[in-house]
Amino acid sequence: MSKTPPFPEFEENVRAALATPPTDTKFVTNLRSKLIAKAHDMLPQTRHFLHRPAWRVALTVLLVLLASVLIIGPQRVLAQIRGLLGYIPGVGIVEQSAPLRVLAEPVTMTREGVTLTVTEAVLSADKTVIFVKIEGVPADAYPEGEAMGCLGNVDLKLSNGTLLEGGYISGGNWNSFESRLEYGPVPAQVNDAVLLVACIGGTMPGALPENWEIPLRFAPAPPDMTVAPVIELSTPAATNPPAADVTSTPVLSNTMTRNGITFTLEKFVEVEDGYQLYGSLDLSGATLPAQGYFITMAVIKMTDANGNRIPFEAMQSEFQDNTVFDPNKVSWIYRTNQKAFTAPLTLTLSWVEMQIAPQVPFELDLGPNPQIGQTWEINRDLTFERHTVRLLSAQLVKSDDPQWASSLKFTYEDKEGGIFINVMDDVPQKPLIGVRGGGGGGGGPLPGIKFARMNYREIPGGLRRITISTSVPYRINGPWQVIWNPPSTTESIPTSAPEACLTSEKWEQVKGQHEALPVGMGGKILFTTDAMSPDMNVFISNLDGSDLRGLFNGYYPALSPDGMRVAYMLETDVFVNIFDINSGQITSLGTGTEPLWSPDGLRILFYSPPDGLYLANADGTGLQKIETGSPRGNLIGWLPDNQTIVFSAQVGDIYNLYEHVFKTYNLQTGETKSLFSITTIKTPIGAISPDGQWIAFNARLFGDNLNGAVFISRLDGSERKLVAMLDNTLAFHPVWSPDGKWLIVNIVEPYKPTSPVLVNPFTCQVVRLESVRGEVQSWRP
Amino acid sequence: MTDDETALIAAAQRNPADFAALYDRFVQPVYRYLYSLAGNADDAQDLTAQTFLAALETLSRYRHRGHFIAWLFRIAHSKAMDYFRHKPQVALDTAGHQVENADPLADIVYREEIGRLAALIRSLDDSQQELIRLRYVAELSFAEMAALLGRREDAVKKSLYRLLARLKSQME
């Protein structure tokens, strides 16, 4: 199915109407040179750093250490180096070669109802971290519609006149929020500075007070300030062989090289609830078929001495040390949520993904007298390192860009998604430019028909030798394994949690199988695809994928209990309609989204932003607002009594995006009852079993690495069971079977259509719905 | 692609000299966007230089959340707004560059059609012009526009397509 936008030809006209003159090549080149020169100035080169106090400190330390090596030997020096790094929660790893300093006292400034409070600051030899709280930003200070607010730059002006730049605060439409600002080091002798806040980022210029100047004073850190020691691991002299064909069982250490990539555990820190582990990937030995960059790597798994998986989670790289330049080095930080293990622990990395730019030569004979509008059919597969696109045709067209006389426009089919080709004439007759494809492809990582073109100053002719290139992922498989012996502890070792029914290993297994549906299982499913108007994106079919029928284009579709009608939000507006599948008749309900049918099919509940929940009869009558008393709620489902709804409500203040509590609300009595709380990675998604005894829901679980996990539990939260949790893959939106014995879990792998899978949460049987490509929304008898 | 950007950003953060790769990738859309705001090449060049110098200087503190171009365009927009504080704003630069066509009749029809469309676009309010500019001049994806504008991706998409539908109906 193509992914064309609604008006592709009209969009081309808009582009033509907005055509800008070409960029002056001389200007582009000059600016590039200027930036490179500026970049070199920014590097810590020797001719500069002697003049900088912070580097004087570092140089002094290095000289002392060099002398120490000569006097007391390398082992003890290593211990001293270790002592130079410390970890401060919220701040990260800091150098301790100079005494740490903090904010002498919090500073608050209020102007026209807006309050800025500098709550904390930490100053180390290598960085300055400042925390600012902003309160009282009125909602109307933020722009409506498409307008952008101000940038929100925050600089730190030191008392010696130096300006440290790079801080930024942004409201994100919040009334109150906190920002962490990070700057370079403040010289040891400077204890006063002014925080210069140009404006509250994201607000409309002039809507709030601007140009804040907040005086700050720094003081020595208190002796009891928490600075955890950073334990650095020495790398053994002899590691595993770097050959590409390692087959023997390696002796594990804290580093391992395979296929030219070295995986190393470098250091760790003990924190309040576990350990943080810091490591790296050295890619310098990797051999690539074309020029490439590191893109991503698999989730690192941790297992104990018994082979049991230990919850292990990647951390955001907020506090990562990027000061040491190494283009082939990638740093990682993971953490545990426990301190006691059955040691030793093994860290396993399965694969590393690079982005490479392979090229394919191509010839196209345009003949002696090609004409604008002439088309050459090509229909040839081009393979770029295991990724194939089909080059369909080339057409000579008038260029969209007035600087050029013509364009050779190539049409190709990207069946995988995410592939864009570049075309470049090898022997340009005149100044020529290659233009990356776009237009009809609609952009994005989806499969579809796409275009690429190159422009000519005149009409090209004859045999054209063309280089076609693209940028594709290239996976290098490991595994790489390193070992870690954590410090011994008297704490008891936690019991291993039960594994999910659907894991990555299980998913890989069922993907390769063609298993029939369990006997007696059937019914109708309603599912959505990523198609855009005018293509339909809402479909209905039998569970096995047969009797497929496209219905319309819309969002949040829900199939009625009798399977005859679909409630949905319009594609073009936040408005709920009901579509009769047999007659095509449409009934309007009202402004809203995410409709939910009552079990008897007589009523529909929906959310209408910004003011809450509404209930209407399925014939469009009886619209009424529901006051649950809980703002910021999300609809989950109905209980079989047709009177009780289940919804989730955000816990705490508005910033607490990921804490929610499930509640029931009785439409007759108005009674609200809290069920249990969950932590999520996004808006809570859930479903009530047809008998009203179970709730299936998405929630966060330590170690899910933000891919989320699907659980079921009783309505009071008891008997919670992990149904699905995969690595590098999102498992979400559970949908109950009509008999309440199975779930459909929707699985999203990067750059692939959603794949629904059947999971029996009680027996852990898993069956792939291989004929359905899309996100299942409803399942009816 | 965002993942490709991630690698370029990480490299440039480790070594500012690698910023050139990011510059090469984004200089054209940034320039086009700023040209459509400023309406002349001299100011567009000046604003482009200011944008990339500011980006280079602050890149080490930038935290990648998936849309580098949104961050870059925030800087570009900020520089442009500074510029407009000192100079009167011009409307979105539209169809100022004539297209040569081998067929004179087709050329006239084409110019007339594009000219009408350009006038319609100029009649839009600032926020609508900005939406058009980001999509069809800077060629940002909907996800990038959403990140830049602080709105949901589907909301941006709907706003733009509603706008296009309106323009299209006015052209018919």
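Residues numbered from 1 in each chain as written. Chains lettered and ligands numbered in written order. Predicted model: local features only at pLDDT ≥ 70, side-chain atom pairs only at ≥ 80, totals over all residues.

(A) Region of interest: the overall build of chain A. A count of helical and extended segments in chain A gives six helices and 54 strands. With 781 residues in all, chain A has 36% of them scored as buried. (Helix = DSSP H or I, 4+ residues; strand = E, 2+ residues; numbered from the N terminus. Buried ≥ 20, exposed ≤ 12 C-beta atoms within 10 Å, placed from the backbone.)

(B) Looking closely at the overall build of chain B. Scanning chain B from N- to C-terminus turns up eight helices and zero strands. The linear arrangement of helices and strands in chain B, starting from the amino end, is α-α-α-α-α-α-α-α. Buried residues in chain B amount to 45% of all 172 residues. Within chain B, contacts between residues at least 6 apart in sequence are counted, and of these 63% link residues at least 24 apart. (Contact = placed C-beta atoms within 7 Å.)

(C) Representation of the sheet that holds strand 51 (residues 743-748) of chain A in the model. Residue and element names in this part refer to chain A. An order of 50-51-52-53 is seen for the four strands of this open sheet, with the pairing classed as antiparallel. Strands at the two margins of the open sheet, each flanked by one partner only, are strand 50 (730-736) and strand 53 (766-768). Put simply, the sheet's adjacent strands are angled 30° from each other on average, direction ignored. Across three bridges, the pairing between strand 52 (residues 755-759) and strand 53 is antiparallel. In the strand pairing of strand 53, L758 is matched with V767. Across the face of the sheet, helix 6 (residues 504-511) comes into contact with strand 51, strand 52 and strand 53 while running at roughly 50° to strand 53. (Pairing = 2+ DSSP bridges. Axes fitted to C-alpha atoms, helices over the stretch in contact; angles between N-to-C directions.)

(D) Spotlight on the sheet that holds strand 54 (residues 775-780) of chain A. Residue and element names in this part refer to chain A. Strand order across the open sheet formed by four strands is 33-32-31-54, with antiparallel pairing between neighbours. The open sheet has two edge strands with one neighbour each: strand 33 (549-552) and strand 54. Here the strands of the sheet are splayed against their neighbours by 25° on average, with no regard to which way each runs. In terms of strand pairing, strand 31 (residues 524-528) meets strand 54 through five bridges, oriented antiparallel. In the sheet register, K524 faces strand 54, and the bridge partner there is R780.

(E) Here's a closer look at the pairing of strand 33 of chain A. Residues and elements named next belong to chain A. Bridging between strand 32 (residues 538-542) and strand 33 involves three bridges; their strand directions are antiparallel. Within strand 33, the position partnered with F539 by the bridge is G550. Hairpin geometry of strand 32 and strand 33 is characterised by an intervening segment of six residues between the two adjacent antiparallel strands and by a positive phi of about 90° at G545.

(F) Looking closely at the nonpolar core. L34 and L72 of chain B are the most contacted members of the largest nonpolar core, which has 141 residues in total. Filtering out sequence-adjacent residues up to four positions away, L72 of chain B remains in contact with F26, V30 and A55 of chain B. Counting residues in each nonpolar core, the second largest holds 76 residues, with L596, A616, A649 and V776 of chain A among its members. (Core = buried A, V, L, I, M, F, W, Y, C linked by C-beta atoms within 7 Å.)

(G) The pairing of strand 35 (residues 565-570) of chain A, seen in detail. All names here are of chain A. Burial analysis of strand 35 places five of its six residues in the buried class, which makes it a mostly covered element. Examined bridge by bridge, strand 34 (residues 554-559) and strand 35 share four bridges and lie antiparallel to one another. Among the inter-strand pairings, L559 is bridged to a residue of strand 35, identified as V566. Relative to strand 36 (residues 575-580), strand 35 is paired through five bridges, and the arrangement is antiparallel. Of the residues in strand 36, the one forming a bridge with M569 is V576.

(H) Representation of helix 2 (residues 19-38) of chain B within the structure. Residue and element names in this part refer to chain B. The largest bend in helix 2 comes to about 50°, at F26, with the proline P29 one to four residues further on. Helix 2 sits mainly inside the fold: 14 of its 20 residues count as buried. Once helix 2 ends, the next one or two residues include G39, with phi positive near 85°. (Bend = angle between axes of the 7 residues up to and from the residue.)

(I) Representation of the confidence of the model for chain B in the model. Residue and element names in this part refer to chain B. For chain B, mean pLDDT is 72; residues scoring 70 or higher make up 73% of the total. When the elements of chain B are averaged for pLDDT, helix 1 (residues 2-14) gives the smallest value, 67, and helix 2 the largest, 85. Across residues 87-104, confidence stays below pLDDT 50; counting only partners more than four residues off in sequence or on other chains, it has 36 contacts. (pLDDT = per-residue confidence, 0-100.)

(J) Quick peek at the packing of helix 2 of chain B against helix 3 (residues 41-58) of chain B. Residues and elements named next belong to chain B. Contact geometry of helix 2 with helix 3 gives a least axis separation of 9 Å together with a crossing angle of 140°. The orientation of helix 2 with respect to helix 3, classified from their angle, is oblique. In the crossing of helix 2 with helix 3, the sense of the turn from one axis to the other is right-handed. Contacts from F19, Y23, V27, V30, Y31, L34, Y35 and A38 of helix 2 reach helix 3 at A41, D43, A44, L47, T48, T51, F52 and L56. Broken down by class, the residue content of the contact of helix 2 with helix 3 amounts to 13 nonpolar, two polar and one charged. (Parallel < 35°, antiparallel > 145°, perpendicular 65-115°, else oblique. Left-handed = near helix turned anticlockwise from the far one by under 90°. Nonpolar A, V, L, I, M, F, W, Y, C, P; charged D, E, K, R; others polar.)

(K) Quick peek at the packing of helix 6 (residues 126-137) of chain B against helix 8 (residues 153-171) of chain B. All names here are of chain B. Between helix 6 and helix 8, the least distance of the axes is 10 Å, while the angle of their chain directions is 100°. With respect to their mutual orientation, helix 6 and helix 8 come out roughly perpendicular. On helix 8, the residues that touch Q128, L131 and R135 of helix 6 are S159, L160 and L163. Split into classes, the residues belonging to the contact of helix 6 with helix 8 amount to three nonpolar, two polar and one charged.

(L) Broad picture of the environment of S124 of chain A. Residues and elements named next belong to chain A. Here S124 is to be found in the loop between strand 5 (114-123) and strand 6 (128-135). Sequence-wise, S124 and A188 are 64 residues apart; in three dimensions their C-alpha atoms are separated by 9.0 Å. When residues no more than four places from it in sequence are discounted, the contact partners of S124 are V94, E95, Q96, L100 and P185.

(M) Looking closely at unusual backbone geometry. Residues and elements named next belong to chain A. In this chain, A343 is followed by P344 through a cis amide linkage whose omega measures 0°. Examined against the element boundaries, P344 turns out to sit in the loop between strand 20 (329-336) and strand 21 (345-356). In this model, G478 is joined to P479 through a cis peptide bond whose omega is 5°. When you line up the elements, P479 lands in strand 30 (residues 472-484). Within the chain, Y556 stands out as a residue other than glycine whose phi angle is a positive 50°. With respect to the helices and strands, Y556 occurs in strand 34. The exposure class of Y556 is partly exposed, given the 19 C-beta atoms found within 10 Å.

(N) Structural view of the confidence of the model for chain A. Per-chain confidence: chain A averages 81 in pLDDT, with 81% of residues scoring 70 or above. pLDDT under 50 marks residues 429-446 of chain A. Its contacts with residues more than four places away, or in other chains, come to 55 contacts.

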